[in-house]
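Analysis of the macromolecular model
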Amino acid sequence: MKFSEIDRKEWFKLKPYLDTCLLPVTGLDGSEEPWQAVQELEFLRNLLEFIEIPYKGRTVTYPAFHYVDYETPAPEIIDRICQRLKQSGFRYVIVMSGQASAVVGPLEHADLVLSSQDEEGRAMNSDAFKTSVDRKVQALWKPAVPEQSEAT
């Protein structure tokens, strides 16, 4: 669900089920032409659908964090937002961006950082990205199995 689809009265009923917040990071730096900004926003919207559609009953997509400064990356700002989202009641926060370079650095309070680029910075095709997203999101939600101690 998108944040704008939830009214105040509904939120208290839905909150126990919507435990995961999606924080989109567009990765604009202000140098884009208007058509380029539209292109980046549409690309991110399409990426978000890989989580929003299959996991609709568990996720809330918050407003996007649009601008970053690539010369002085500020992961601490994004991380602070993640921390506040958790303090507001979300158990998990997933940061998603079409630009892997927009979310570099330590994000201590993000449970998962997703980008359509692989570790080498190459764009993944949609099937590979969908598979990666599904695997990572399901692993995030899978409860940790406590190690069983051997009987002595």
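Conventions we followed
- Residues numbered from 1 in each chain as written.
- Predicted model: local features only at pLDDT ≥ 70, side-chain atom pairs only at ≥ 80, totals over all residues.
- Heavy atoms only, no water.
- Helix = DSSP H or I, 4+ residues; strand = E, 2+ residues; numbered from the N terminus.
- Expected span 1.5 Å × (residues − 1).
- Buried < 20%, exposed > 50% of the residue type's maximum accessible area, 1.4 Å probe, protein only.
- Arc of directions from axis to C-beta.
- Contact = heavy atoms within 4.5 Å.
- Salt bridge = Lys/Arg side-chain N within 4 Å of Asp/Glu carboxyl O.

**With respect to helix H3 (residues 75-87)**
Counted at 1.5 Å a residue, the expected span for H3 with its 13 residues is 18 Å, and the 18 Å between its end C-alpha atoms agrees. Within H3, the full set of buried residues consists of Pro 75, Ile 78, Asp 79, Cys 82 and Leu 85. Along the axis of H3, the buried positions cluster into a sector of 115°, meaning they face one direction only. Summarising the geometry of H3, the exposed residues directed more than 90 degrees from the buried face are Arg 84 and Gln 87.

**Things to note about the environment of Tyr 67**
The topology assignment puts Tyr 67 in strand S3 (residues 65-67). With 37 residues separating them along the chain, Tyr 67 and Gly 30 place their C-alpha atoms 7.1 Å apart. For Tyr 67, the residues in contact, after removing those within four places along its chain, are Leu 28, Asp 29 and Gly 30.

**Concerning the pattern of salt bridges**
This structure, assessed with the given rule, holds four salt bridges. Between Lys 2 and Glu 52 there is a salt bridge, with its nearest N and O atoms 2.8 Å apart. Placement of the pair is Lys 2 in the segment before helix H1 (8-14) and Glu 52 in helix H2 (residues 34-52), with a sequence separation of 50 residues. Its relative accessible area of 10% is what places Glu 52 among the buried residues.

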